[in-house]
Amino acid sequence: VSFTIIASDSGIPIQNFTAKKGDTVELTISIATTNVSFGGEQVKSNDDTFDTGNLSPGESKTITFVADHTFTFRAYWPSNSVPKGPGPTTFTVTD
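Only a predicted model underlies this, so the values are computations on that prediction, with no experimental measurement involved.

Q: Outline the overall build of the protein chain, listing residues and values.
A: A count of helices and strands for the protein chain gives zero helices and eight strands. For the protein chain, the succession of helices and strands along the chain, N to C, is β-β-β-β-β-β-β-β. Overall, the protein chain is about 40 × 20 × 20 Å in size when its C-alpha atoms are taken along their principal axes. The buried share among the 95 residues of the protein chain stands at 40%. The long-range fraction of contacts in the protein chain, counting pairs at least 24 apart against all pairs at least 6 apart in sequence, stands at 64%. About 4,900 Å² of surface is accessible on the protein chain, with carbon and sulfur atoms providing 50% of the total.

In structure tokens form, the structure reads like this:
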């Protein structure tokens, strides 16, 4: 299962993703080229599922994981970990 999101200083526009338990998920996170500060974005989950580190405007990162639990994630200012925009986005795992 593949998902792509585009994050900006307004956050992540998609609020929900769903996959079946056991699915291999490829989540591509792209940083917009407009409405993004020069410092870029950091997108991370509320647990240890993923953390993109600092991504510059126009940069992308693909995270691959097995869907085994529900979690949330959101965009942050990379310099101070303050959340950007509304959120968080929920990744829901169903049976």
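Once the structure has been displayed, the description carries forward.
Q: Before we move on, can you summarise the pattern of salt bridges with the specific residues and values?
A: Going through the model one piece at a time under the given rule, you end up with two salt bridges. In this structure, Glu41 and Lys84 form a salt bridge, with 2.8 Å as the shortest nitrogen-oxygen distance. Residue Glu41 is located in strand S4 (residues 41–45), and its partner Lys84 is located in the loop between strand S7 (71–76) and strand S8 (89–94); the two are separated by 43 residues in the primary sequence. A residue is classified by how much of its surface remains accessible, and Lys84, at 1% relative accessible area, is buried.

Conventions we followed
- Residues numbered from 1 in each chain as written.
- Predicted model: local features only at pLDDT ≥ 70, side-chain atom pairs only at ≥ 80, totals over all residues.
- Heavy atoms only, no water.
- Helix = DSSP H or I, 4+ residues; strand = E, 2+ residues; numbered from the N terminus.
- Buried < 20%, exposed > 50% of the residue type's maximum accessible area, 1.4 Å probe, protein only.
- Contact = heavy atoms within 4.5 Å.
- Areas by Shrake-Rupley, 256 points an atom, 1.4 Å probe, with all protein chains shown as cover.
- Salt bridge = Lys/Arg side-chain N within 4 Å of Asp/Glu carboxyl O.

Fair warning: the whole summary comes from geometry, so function is off the table for now.
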